[in-house]
Amino acid sequence: KAGVTQTPRYLIKTRGQQVTLSCSPISGHRSVSWYQQTPGQGLQFLFEYFSETQRNKGNFPGRFSGRQFSNSRSEMNVSTLELGDSALYLCASSTRTGAGTEAFFGQGTRLTVV
Amino acid sequence: DAKTTQPTSMDCAEGRAANLPCNHSTISGNEYVYWYRQIHSQGPQYIIHGLKNNETNEMASLIITEDRKSSTLILPHATLRDTAVYYCIVRVVDSNYQLIWGAGTKLIIKP
């Protein structure tokens, strides 16, 4: 069974630009969550999508957005990039059938903003 | 904020059992305890989870105290590849599927 796939693995962008990251969940998983990881703040929840609907959102500015497609693949977008957006962005998928369901993570996209 | 407290770092000799403690004194009755680990710059890897009974799988064992206020993750025969940051997480109530992460424990396995 293929794992969670995130593309691209590495990305360098300039301040003010926008970026789109992609996540393909494990087959059959309908929930996709996004996390940002930085050395200073650790792992922080961005948002979760289930059946193409955003179900939960973390405490991030509106520049961070996402969407989910009918095949459960998800994208997240960051507009007007700032230096502080440099981070490892992680995607996790799960079946979301109950509180006892584990989430499986991809390898992440390393975004560097210069 | 994270609902768990873990030691910042621990050492363990290769081949010995690694016991990683976690305090979650404010855990609610229907919240699960999850353990993940993250090897440098990789995505977190699921290890195990439990509600109130002890759990075991091919990677580790999870021991949860009877009052559920603390737990211990046991890696029975640690190898160098088990060097990682280990996160203990309590699943948020109200069907919110987000995971709230603390700083974790940096486990270093020494030869």
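Our structure's up above, just so we're on the same page.
Just so it is clear, the structure is predicted and the values come from calculations on it, not from any experiment.

Draft legend 1. The overall build of chain B, seen in detail. A tally of regular secondary structure across chain B gives zero helices and nine strands. A compact globule built from 111 residues should have a C-alpha radius of gyration of about 13 Å, and chain B, at 13 Å, falls within 12% of that. Projected onto the principal axes, the alpha-carbon positions of chain B cover approximately 45 × 30 × 25 Å. In chain B, which comprises 111 residues, the proportion classed as buried is 45%. Once local pairs closer than 6 in sequence are excluded, the contacts in chain B between residues at least 24 apart make up 55%. For chain B, the exposed surface amounts to about 5600 Å²; the carbon and sulfur share of it is 49%. Positive and negative charge centroids in chain B, built from 10 and 10 side chains respectively, lie 3 Å apart.

Draft legend 2. Local environment of the interface of chain B and chain A. With 18 residues of chain B at the contact, the number on the chain A side is 20 residues. Buried surface at the junction of chain B and chain A, summed over both partners, amounts to about 1700 Å²; 52% is from carbon and sulfur atoms. Linking chain B with chain A are zero salt bridges, by the criterion used here. Taken together, the links from chain B to chain A amount to two residue pairs in polar contact (both at pLDDT 80 or more). Secondary structure elements with two or more residues in the side of chain B that touches chain A: β3 (33–38) and β4 (45–50) of chain B. Take the side of chain B that touches chain A: its biggest share by element is three residues, from β3 of chain B.

Draft legend 3. Representation of unusual backbone geometry in the model. A cis amide bond, omega -10 degrees, links Thr-7 of chain A with the succeeding residue Pro-8 of chain A. The topology assignment puts Pro-8 of chain A in the loop between β1 (5–7) and β2 (10–13). The phi torsion at Ser-72 of chain A lies on the positive side, around 75 degrees, for a residue other than glycine. Along the chain, Ser-72 of chain A falls in the loop between β7 (64–68) and β8 (74–78). Exposure remark for Ser-72 of chain A: the relative accessible area of 12% places this residue in the buried category. Look at Arg-68 of chain B: it is not a glycine, yet its phi comes out positive at around 65 degrees. Within the secondary structure, Arg-68 of chain B is located in the loop between β6 (61–64) and β7 (70–75).

Draft legend 4. Broad picture of the state of the cysteines. This structure, assessed with the given rule, holds two disulfides over all chains. Note that Cys-23 of chain A is cross-linked by a disulfide to Cys-91 of chain A, the S-S spacing being 1.7 Å. Every disulfide takes its handedness from the sign of the S-S torsion; for Cys-23 of chain A and Cys-91 of chain A that torsion is -50 degrees, giving left-handed. With a gap of 68 residues between them, Cys-23 of chain A in strand β3 (residues 19–24) and Cys-91 of chain A in strand β9 (residues 87–94) connect regions that are remote in the sequence. Pair check on accessibility: Cys-23 of chain A and Cys-91 of chain A agree, each one buried. Free of any disulfide, Cys-12 of chain B has its nearest cysteine sulfur in Cys-22 of chain B, 18 Å distant.

Draft legend 5. Spotlight on the sheet that holds β6 of chain B. All names here are of chain B. The strand order β2-β7-β6-β5 describes an open sheet built from four strands, whose pairing is antiparallel. One side of each edge strand has no neighbouring strand; the edge strands of this open sheet are β2 (18–23) and β5 (55–56). Where β5 and β6 come together, two bridges link them in antiparallel fashion. The residue of β6 that forms the bridge with Thr-56 is Ser-61.

Draft legend 6. Local environment of the pattern of salt bridges. Residues and elements named next belong to chain A. Applying the stated rule across the entire model yields seven salt bridges over all chains. Glu-82 is paired through a salt bridge with Arg-63; the nearest N and O atoms lie 3.6 Å apart. Taken together, the residues span a long stretch of sequence, with Glu-82 in the loop between β8 and β9 and Arg-63 in the loop between β6 (53–57) and β7 at a distance of 19 residues. Using a relative accessible area of 42% as the deciding quantity, one classes Glu-82 as partly exposed. Residue classification places Arg-63 among the buried residues on the basis of a relative accessible area of 16%. Close ionic contact of Arg-63 with Asp-85 constitutes a salt bridge, the shortest N to O distance being 2.8 Å.

How each quantity is defined
- Residues numbered from 1 in each chain as written.
- Chains lettered and ligands numbered in written order.
- Predicted model: local features only at pLDDT ≥ 70, side-chain atom pairs only at ≥ 80, totals over all residues.
- Heavy atoms only, no water.
- Helix = DSSP H or I, 4+ residues; strand = E, 2+ residues; numbered from the N terminus.
- Rg over C-alpha atoms; globule rule 2.2 N^0.38 Å.
- Buried < 20%, exposed > 50% of the residue type's maximum accessible area, 1.4 Å probe, protein only.
- Contact = heavy atoms within 4.5 Å.
- Areas by Shrake-Rupley, 256 points an atom, 1.4 Å probe, with all protein chains shown as cover.
- Lys, Arg positive; Asp, Glu negative; His and termini not counted.
- Charge placed at Lys NZ, Arg CZ, Asp CG, Glu CD.
- Buried area = accessible area lost by both parts, 1.4 Å probe.
- Salt bridge = Lys/Arg side-chain N within 4 Å of Asp/Glu carboxyl O.
- Polar contact = N/O pair within 3.5 Å; in protein donor to acceptor, adjacent residues only side chain to side chain.
- Disulfide = S-S within 2.5 Å.
- Pairing = 2+ DSSP bridges.

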